[in-house]
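A closer look at the structure
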Amino acid sequence: ESENQLKFIPKVSIELLVEDEKVESLVEAVCAAARTGLIGDGKIFISAITEVIRVRTGERDDEAL
């Protein structure tokens with residue numbers, strides 16, 4: 001049996017939308033809670049959302065949230 005076997009770690013995806021001024025504190029909180037120092041602690045991707053539309057009502061942006 002090979003010593004270099006792959007170990008598959010269960011993955012979870014969490015998507016959050018927050019106001020720009022809250023991004024850094026959210027990143028710090030997630031890192032503090034999730035960091036174990038081991039491979040598989042995860043990654044955080046930060047993207048801008050340019051528009052939000054609630055399909056059911058047609059509301060947009062702040063009203064859709």
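Summary of the structure given here. Not measured: the values here are computed from a predicted model.

What about the overall build of the chain?
Each helix and strand counted, the chain has one helix and zero strands in total. Against the compact-globule benchmark of 11 Å for 65 residues, the chain has a radius of gyration of 18 Å, which places it well outside the compact range. On the principal axes, the C-alpha backbone points of the chain span a range of 60 × 25 × 15 Å. In the form shown here, the chain has an accessible surface area of approximately 6,700 Å², with 54% of it arising from carbon and sulfur atoms. Of the charged side chains in the chain, 8 are positive and 14 negative; the average position of the first set lies 6 Å away from that of the second.

Regarding unusual backbone geometry
A positive phi angle, close to 55 degrees, is found at Asp61, a residue other than glycine. On the secondary structure map, Asp61 appears in the segment after α1 (23-34).

Comments concerning a nonpolar patch on the surface
A contiguous nonpolar patch, built from Val12, Ile14, Leu16, Val18, Val30, Ile44 and Ile46 and spanning about 690 Å² of accessible area, is present on the exposed surface. If you trace the backbone, Val12 turns up in the segment before α1. Judged by its relative accessible area of 75%, Val12 falls in the exposed class.

Cut-offs applied
Residues numbered from 1 in each chain as written. Predicted model: local features only at pLDDT ≥ 70, side-chain atom pairs only at ≥ 80, totals over all residues. Heavy atoms only, no water. Helix = DSSP H or I, 4+ residues; strand = E, 2+ residues; numbered from the N terminus. Rg over C-alpha atoms; globule rule 2.2 N^0.38 Å. Areas by Shrake-Rupley, 256 points an atom, 1.4 Å probe, with all protein chains shown as cover. Lys, Arg positive; Asp, Glu negative; His and termini not counted. Charge placed at Lys NZ, Arg CZ, Asp CG, Glu CD. Patch = residues over 30% accessible without salt bridge, like charges linked within 9 Å, V, L, I, M, F, W, Y side chains within 5 Å. Salt bridge = Lys/Arg side-chain N within 4 Å of Asp/Glu carboxyl O. Buried < 20%, exposed > 50% of the residue type's maximum accessible area, 1.4 Å probe, protein only.

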